[in-house]
Amino acid sequence: MKVDGFESRFAEVNGTRLHYVSGGSGEPLVLLPGWPRTWYQFHKVMPALAEHFNVIAVDLRGMGESDKPQGGYDKKNLARDIYELLRHLGHTSAYIAGEDIGSQVAYSFAANHPDATRKLALWETGHPTELFNELRMLPQEGQPAPWWFALNMLDGLPEKLLEGRFRHIVDWLIDYQATTPEAFSEEVREHYAAAYGTPDAIRGGNGYYKAFPQDIKDVKDYPPVAMPVLALGGIYYQMVLAQMEGRALDIRYVELEGAGHYLAEERPDEIVRELVKFFA
């Protein structure tokens with residue numbers, strides 16, 4: 001998959017090989033994607049953002065064309081990957097933005113590398129906290145039932161169940177969490193299904209979830225971040241509020257009413273508008 005004006009590259013950082021796509025000019029803006037997607041989830045916003053920034057969209061370790069090592073999926077280490085990537089590219093600081101799992105890495109980046117974080121934007125939902133331990137797997141009226149959290153934390157079984165069949169997960173999650181599922185073309189759905197269709201890729205994606213207990217421990221030691229923060233939400237806006245409570249000293253919340261979970265793909269114009277306004 002390609003986006004006009006952007007080049008695909010690789011870098012050896014923090015003991016692993018990361019794939020990233022970059023384009024545009026100006027101050028660096030790092031985009032961190034979520035599961036089960038890749039850097040391509042930002043394809044609708046990257047051209048417009050590149051008019052203002054040097055956009056760097058990254059496949060996290062375990063994702064897309066990046067390496068899929070056995071370990072290192074706690075958000076502090078994933079943030080270290082991104083920090084070393086920035087240094088590799090010659091940047092001492094950047095604007096950091098992330099969605100879903102990417103929002104968790106983005107917050108960890110800001111908490112662990114504050115001098116390298118100019119401003120932080122995250123959406124849907126934020127760094128794992130004790131709230132994750134309170135989520136119910138059985139459906140409750142008016143509340144999400146993220147059964148995939150538990151599935152992804154199992155050893156071995158997801159690979160056996162999902163190898164070559166990951167399209168079912170992609171379609172189900174889009175239908176469940178998107179308010180505009182038509183925003184995802186057949187080509188995009190197939191791209192995500194192929195990206196997670198092998199045992200290594202399934203295991204890599206599972207790694208983000210298996211690290212939640214460590215992430216919850218880590219965040220307890222983080223003081224509130226001091227740089228300006230933008231926190232956006234769609235379907236999980238209330239969870240964004242709960243996840244970010246007490247986590248930042250200077251934070252602005254924006255709810256995209258009626259939006260689903262996948263804001264960069266469902267509401268690209270609004271994401272561009274909010275990011276450009278915030279990072280300018």
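Up top is the structure these notes are about.
Residues numbered from 1 in each chain as written. Predicted model: local features only at pLDDT ≥ 70, side-chain atom pairs only at ≥ 80, totals over all residues. Heavy atoms only, no water.

Peer 1: Is there a simple way to think about the pattern of salt bridges in this case?
Peer 2: Close approach of charged atoms allows side chains of opposite charge to pair. Applying the stated criterion across every chain, the model contains 19 salt bridges. Residue Asp67 is joined to Arg17 by a salt bridge in which the shortest nitrogen-to-oxygen separation is 3.9 Å. With Asp67 in the loop between strand S4 (53–59) and helix H2 (75–88) and Arg17 in strand S2 (residues 16–24), this residue pair connects regions lying 50 residues apart in the sequence. Connected via shared salt-bridge partners are Arg167, Asp171, Glu186, Arg189 and Glu190. (Salt bridge = Lys/Arg side-chain N within 4 Å of Asp/Glu carboxyl O. Helix = DSSP H or I, 4+ residues; strand = E, 2+ residues; numbered from the N terminus.)

Peer 1: Could you clarify how one ought to interpret the packing of helix H8 (residues 199–210) against helix H9 (residues 212–219) in this entry?
Peer 2: How two helices sit against one another is set out by the angle between their axes and by the gap between those axes. Look at H8 against H9: their axes get within 6 Å of each other, and the N-to-C directions meet at 40°. Accordingly, the angle class assigned to the pair H8 and H9 is oblique. Within the contact between the two elements, H8 uses Tyr208, Tyr209 and Lys210 and H9 uses Phe212, Pro213 and Asp215. In terms of residue class, the contact of H8 with H9 is made up of four nonpolar, no polar and two charged. (Axes fitted to C-alpha atoms, helices over the stretch in contact; angles between N-to-C directions. Parallel < 35°, antiparallel > 145°, perpendicular 65-115°, else oblique. Contact = heavy atoms within 4.5 Å. Nonpolar A, V, L, I, M, F, W, Y, C, P; charged D, E, K, R; others polar.)

Peer 1: I tried to follow the packing of aromatic side chains on my own but got confused; where do I start?
Peer 2: Geometry of an aromatic ring pair is reported as the spacing of the ring centres plus the angle between the planes. In the structure shown here, the tally under the stated rule is 22 aromatic pairs. Measuring from centroid to centroid gives 6.4 Å for Tyr83 and Phe109, while their planes differ by 50°, and the two rings are tilted. Here Tyr83, found in helix H2, pairs with Phe109, found in helix H3 (residues 101–112); they are 26 residues apart in sequence, far enough to count as distant. Following the ring pairs from residue to residue traces out a cluster consisting of Trp35, Phe132, Trp147, Trp148, Phe149, Phe166, Trp172, Tyr176, Tyr196, Tyr209 and Phe212. Over the ring of Phe10 we find Arg17; its NZ or CZ atom is 4.0 Å from the centre of that ring. If you follow Lys119 out to its NZ or CZ, it ends over the ring of Phe278, 5.2 Å from the centre. (Phe/Tyr/Trp six-rings, centres within 6.5 Å; stacked < 30°, edge-to-face > 60°. Lys NZ or Arg CZ within 6 Å of the ring centre and 35° of its normal.)

Peer 1: Explanation requested: helix H7 (residues 186–195) in the structure shown.
Peer 2: For H7, the full list of buried residues reads Val188, Arg189, His191, Tyr192, Ala193 and Ala195. Tucked inside the fold, the buried residues of H7 contact helix H6 (167–177), H8 and helix H11 (263–266). (Buried < 20%, exposed > 50% of the residue type's maximum accessible area, 1.4 Å probe, protein only.)

Peer 1: How should I be thinking about the sheet that holds strand S3 (residues 27–32) in this particular structure?
Peer 2: Strand pairs in the sheet, formed through backbone hydrogen bonds, run parallel or antiparallel to each other. Reading across the sheet, the eight strands line up as S1-S2-S4-S3-S5-S6-S7-S8 and stay open at both edges, with mixed pairing between neighbours. Where the open sheet ends on each side, the last strands, each with one partner, are strand S1 (7–13) and strand S8 (251–255). With direction set aside, neighbouring strand axes in the sheet form an average angle of 20°. Examined bridge by bridge, S3 and S4 share five bridges and lie parallel to one another. Bridging from a neighbouring strand, Leu29 pairs with Val55 of S4. Sheet contacts for H3: S3, strand S5 (94–99) and strand S6 (117–123); angle to S5, the most-contacted strand, approximately 145°. (Pairing = 2+ DSSP bridges.)

Peer 1: Explain empty space enclosed by the protein here, please?
Peer 2: By rolling a water-sized probe across the atoms, one finds the places where empty space is left. For the structure shown, the criterion picks out three cavities of 30 Å³ or more. Put simply, the largest cavity is a space of about 210 Å³. Forming the walls of the largest cavity are 16 residues, and the residues nearest its centre are Asp100, Trp148, Phe149, Tyr236 and His261. Considered as a void within the structure, the second largest cavity measures approximately 40 Å³ in volume. If you go around the second largest cavity, the residues you meet are Pro36, Arg37, Val170, Ile174, Phe184, Tyr192 and Tyr262. By residue class, the composition of the lining of the second largest cavity is six nonpolar, no polar and one charged. (1 Å grid on protein atoms, 1.4 Å probe; cavity = no way out; pocket = protein on both sides within 12 Å on 5 of 7 lines; lining within 4 Å. Points joined across faces, edges and corners; volume = space filled by probe spheres on them.)

Peer 1: Looking at this structure, how should I read unusual backbone geometry?
Peer 2: Most of the time, phi is negative for any residue but glycine, and the peptide bond is trans. With omega at -5°, the peptide bond leading from Trp35 into Pro36 counts as cis. Relative to the assigned elements, Pro36 resides in the loop between S3 and helix H1 (46–49). Of the consecutive residues Glu124 and Thr125, the connecting peptide bond is found in the cis state with omega at 15°. The topology assignment puts Thr125 in the loop between S6 and helix H4 (147–152). Located in the positive-phi region is Glu124, a residue other than glycine, with phi close to 50°. Along the chain, Glu124 falls in the loop between S6 and H4. For Glu124, a relative accessible area of 1% translates into the label buried.

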